[in-house]
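Residue-level listing of the chains:
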Amino acid sequence: MTAACSTPGPSSGATRTAYGSDPSQWADLYRPTGTPRGVVVVVHGGFWKAQYDASLGEPLARSLAAEGWAAWNLEYRRVGNGGGVPATLDDVAAGIDALATTDLDLTHVLALGHSAGGHLAVWAAGRSGAAVPLTGAVSQAGVLDLRAAAEQGLGGGAVEAFVGGPLDATVDPLQQVPLAVPVRCIHGRSDTNVPLSQSQSYVSAATAAGADATLTEVDGDHFVLINPSSDVWRTQLDLLAALAR
């Protein structure tokens, strides 16, 4: 059981919404000046582990708001603080659906997820019965083939810890193709944390199944994708803009 503690307040410039009673069940909303061009749900990575939190997504959310987006920086329970399957997935679903309580125009709701957050973003794009359905997803070096990730020991056994038992196809993006919404994968060629093959395998399977999925390979490592001062970030902004047209 997770020990009770107070939820930290939102960072400057954001408005926090709690979508549950757990201290990790919240999202910070960053608003642009003027009418948003759409909503981007930022889903942080960290191999689903509790030591990594939504502070990883804050710089991206701030940049997105500066670019005219409403950014929803989502926190969720992780392995070590009550998360794992199914709690983490339940939180991501509930956190996205909590957008329905805002005054935002939800015509375009995109997910942007890094690493394990890429897994969660693409998983969320395929869920049925959503109160707030995603209209597209951008996976930043996402862990999209859980079977291969487990075999390769990514994150020091992170997949096994996250799943907590036999791998269910319903939690593995590769086994959920084709999705009804577009998925854009972007991955650094020098990534040693999540191999490029994760995105390559997903896009290959998705397109073979008739889905709208693409892969953009870029120079750089695992973390260049979440550096808002990098040229790679501009590439991702372009991907998001195209998805909202």
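Okay, so let's go over this structure.

### Some details on the overall build of the protein
If you tally the helices and strands in the protein, you get seven helices and eight strands. Taken along the three principal axes of its C-alpha coordinates, the protein extends 45 × 40 × 35 Å. Restricting the contact set of the protein to residue pairs at least 6 apart, pairs at least 24 apart contribute 74%. In the structure as shown, the protein presents an accessible area of about 9800 Å², 50% of it carried by carbon and sulfur atoms. Side chains of the protein carry 13 positive and 23 negative charges; the gap between the two charge centres is 4 Å.

### Considering the pairing of strand β4 (residues 70–74)
Counted residue by residue, β4 has five buried out of five residues, so it is predominantly covered. Side-chain alternation along β4 places Ala70, Trp72 and Leu74 on one buried face and Ala71 and Asn73 on a second face that is also buried. In this sheet, β4 lies alongside strand β2 (residues 26–30) in antiparallel orientation, the contact comprising four bridges. The residue bridging Asp28 from the neighbouring strand is Asn73, located in β4.

### Observations regarding the environment of Val40
Within the secondary structure, Val40 is located in strand β3 (residues 39–43). Here Val40 falls in the buried class, since its relative accessible area comes to 0%. Among residues more than four places away in sequence, those in contact with Val40 are Leu64, Trp69, Ala70, Ala71, Trp72, Leu110, Leu112 and Leu240.

### Observations regarding the nonpolar core
The biggest cluster of nonpolar side chains holds 52 residues, and the ones touching the most others in it are Trp48, Ile96, Leu99 and Tyr202. No other element matches helix α3 (residues 116–125), which puts seven residues into this core. With residues up to four places along the chain from it excluded, the contact list for Tyr202 reads Val122, Leu144, Pro173, Leu174, Val177, Leu179, Val183, Cys185 and Ala213. Residues Val42, Trp69, Ile186 and Ile226 belong to the second largest nonpolar core, which totals 26 residues.

### Digging into the packing of helix α1 (residues 58–66) against helix α7 (residues 231–243)
Between α1 and α7, whose axes approach to 12 Å, the crossing angle comes to 60°. Judged on the interaxial angle alone, α7 and α1 are oblique. Seen along the crossing, α1 lies across α7 with a hand that is right-handed. Along its contact with α1, which presents Leu60, Ser63 and Leu64, the element α7 presents Trp233, Leu237 and Leu240.

### Examining the side chain of Glu75
Locating Glu75 in the fold gives a position in the loop between β4 and α2 (87–97). A polar contact of 2.7 Å, which involves the side chain of Glu75, links it to the side chain of His44. Each residue touching Glu75, except ones within four places of it in the same chain, is listed here: Tyr19, Ser24, Gln25, Trp26, His44, Asp53 and Ala54.

### Quick notes on helix α6 (residues 197–208)
For α6, built from twelve residues, the straight-helix expectation of 16 Å at 1.5 Å per residue is met to within 8% by its first-to-last C-alpha distance of 16 Å. Buried residues of α6: Gln198, Ser199, Tyr202, Val203 and Ala206, and no others. Seen from one end, α6 has its buried residues packed into an arc of 115°, which puts them on one side. Summarising the contacts, the buried residues of α6 are in contact with α3, α4 (146–151), β7 (183–188) and β8 (213–218).

### What to know about the packing of α2 against α3
One way to put it is that α2 packs onto α3 with a least axis distance of 10 Å and a crossing angle of 65°. When the axes of α2 and α3 are compared, the crossing they make is right-handed. Contacts between α2 and α3 involve Thr88, Leu89, Val92, Ala93 and Ile96 from the first element and His119, Leu120, Trp123 and Ala124 from the second. Class assignment of the residues belonging to the contact of α2 with α3 gives a composition of seven nonpolar, two polar and no charged.

### As for the sheet that holds β7
Read from one edge of the open sheet, eight strands run β1-β2-β4-β3-β5-β6-β7-β8, paired in mixed fashion. Looking at which strands have only one partner, the edges of the open sheet turn out to be β1 (14–18) and β8. Here the average twist between neighbouring strands, direction ignored, is 20°. Strand direction decides the pairing type here: β1 and β2, joined by five bridges, are antiparallel.

Definitions and cut-offs
Sequence order as written defines residue numbering, which begins from 1 separately in each chain. Where totals are concerned, whole chains, interfaces and linings use all residues; where local detail is concerned, this predicted model gives features only for residues with pLDDT of at least 70, and gives and counts side-chain atom pairs only at 80 or more. As a rule here, side-chain values come from all non-hydrogen atoms in the structure, and water together with hydrogens is ignored. Secondary structure elements follow DSSP: runs of H or I of four or more residues count as helices, runs of E of two or more count as strands, with numbering from the N terminus. Any two residues whose heavy atoms approach within 4.5 Å at even a single point are treated as in contact. Only the protein chains shown count as cover for residues, and all accessible areas are computed by the Shrake-Rupley method using a 1.4 Å probe. Only four residue types enter the tally: Lys and Arg on the positive side, Asp and Glu on the negative side; His and the chain ends are excluded. By convention, the charge on Lys lies at NZ, on Arg at CZ, on Asp at CG and on Glu at CD. Each residue is placed in one exposure class: buried if its accessible area under a 1.4 Å probe, protein chains only, is under 20% of its type's maximum, exposed if it is over 50%, and partly exposed if it falls in between. Any two strands with at least two DSSP-identified bridges between them are counted as paired. Only buried Ala, Val, Leu, Ile, Met, Phe, Trp, Tyr and Cys residues count toward a nonpolar core, and they belong to the same one when joined by side-chain atoms within 4.5 Å. Here the axes come from fitting lines to C-alpha atoms, over the contacting stretch only for helices, and the angles between their N-to-C directions go from 0 to 180 degrees. Working rule for angles: under 35 degrees goes down as roughly parallel, over 145 as roughly antiparallel, 65 to 115 as roughly perpendicular, anything else as oblique. Should the near helix be turned counterclockwise from the far one by less than a right angle, the crossing is left-handed, whereas a clockwise turn marks it as right-handed. For this analysis, a polar contact is any N or O atom pair within 3.5 Å, provided that within protein one partner can donate a hydrogen and the other can accept it, and provided that sequence-adjacent residues contribute only side-chain to side-chain pairs. In this scheme, a helix's expected span is set at 1.5 Å multiplied by one less than its residue total. Arc definition: directions from the helix axis to the C-beta atoms. Basically, the charged four are Asp, Glu, Lys and Arg, the nonpolar ten are Ala, Val, Leu, Ile, Met, Phe, Trp, Tyr, Cys and Pro, and anything else, Gly included, counts as polar.

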